[in-house]
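# Examining the three-dimensional arrangement
The lines below spell out each chain.
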Amino acid sequence: MIIITNVDESDLPKVYEVEIESFEDPYPYSLLKAYYYLSRELFLVAKQGDVVVGYSLGIIQFGYRGHVVSIAVKKDYREKGIGSLLLKELENRFKIYKCTHSYLEVNYKNKTAIEFYHKLGYIIVKLQKNYYGRGKHAFIMVKSFSKDRSFE
């Protein structure tokens with residue numbers, strides 16, 4: 001059974017392992033630790049027993065905009081619904097904090113991730129050139145939590 005809970009400081013080394021396995025340019029451990037202190041209620045882990053199998057991390061900007069900073073699941077646990085559980089719980093917490101929408105950046109070539117976010121209600125609103133470095137562009141994807149679907 002997968003449990004989604006707030007990250008604990010003792011989880012950070014395992015979260016970092018997921019980060020390294022998942023991204024070409026992973027966040028440094030020190031940044032994940034800083035987010036632990038800054039975003040405790042928005043830094044979540046998925047665990048199977050005591051094993052960290054994924055995480056999601058968000059922040060709130062300007063008091064109304066939820067930003068999905070990162071989400072990752074260990075390779076052996078992908079396509080089992082864990083990423084969806086993590087993202088939905090993060091969105092629920094954004095809503096508790098009265099966010100009107102959630103947004104994220106995704107590599108414009110990462111079709112698997114784009115399809116994943118699209119299935120969960122995110123739409124592409126912009127191409128941000130060179131977001132990840134020269135020639136490494138990102139799509140900005142947004143999900144509204146209200147019916148009017150307007151964004152700022």
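The structure we're discussing is the one just above.
To keep things clear, this report deals only with the structure shown in the data block.

Rules used in this analysis
- Residues numbered from 1 in each chain as written.
- Predicted model: local features only at pLDDT ≥ 70, side-chain atom pairs only at ≥ 80, totals over all residues.
- Heavy atoms only, no water.
- Helix = DSSP H or I, 4+ residues; strand = E, 2+ residues; numbered from the N terminus.
- Contact = heavy atoms within 4.5 Å.
- Buried < 20%, exposed > 50% of the residue type's maximum accessible area, 1.4 Å probe, protein only.
- Arc of directions from axis to C-beta.
- Phe/Tyr/Trp six-rings, centres within 6.5 Å; stacked < 30°, edge-to-face > 60°.

## Focus on the environment of Tyr29
- One can find Tyr29 in helix α2 (residues 29–38).
- With 16 residues separating them along the chain, Tyr29 and Pro13 place their C-alpha atoms 7.8 Å apart.
- Ignoring any residue separated from it by four or fewer positions in sequence, one finds Tyr29 in contact with Leu12, Pro13 and Tyr16.

## Overview of helix α1 (residues 12–22)
- Among all positions of α1, only Leu12, Val15, Val18 and Glu19 are buried. Looking straight down α1, one finds that the buried residues subtend no more than 115 degrees of arc, so they occupy a single side.
- Against α2, β2 (43–48), β3 (51–61) and β4 (65–73) lie the buried residues of α1.

## Some points on the packing of aromatic side chains
- Under the counting rule described, the total for this entry stands at eight aromatic pairs.
- Ring geometry for Tyr36 against Tyr37: centres 5.0 Å apart, planes inclined by 70 degrees, an arrangement best described as edge-to-face.
- A relative accessible area of 7% places Tyr36 in the buried class.
- Residue classification places Tyr37 among the partly exposed residues on the basis of a relative accessible area of 46%.
- The structure contains a cluster of three or more aromatic residues connected by ring pairs, namely Phe116, Tyr117 and Tyr122.

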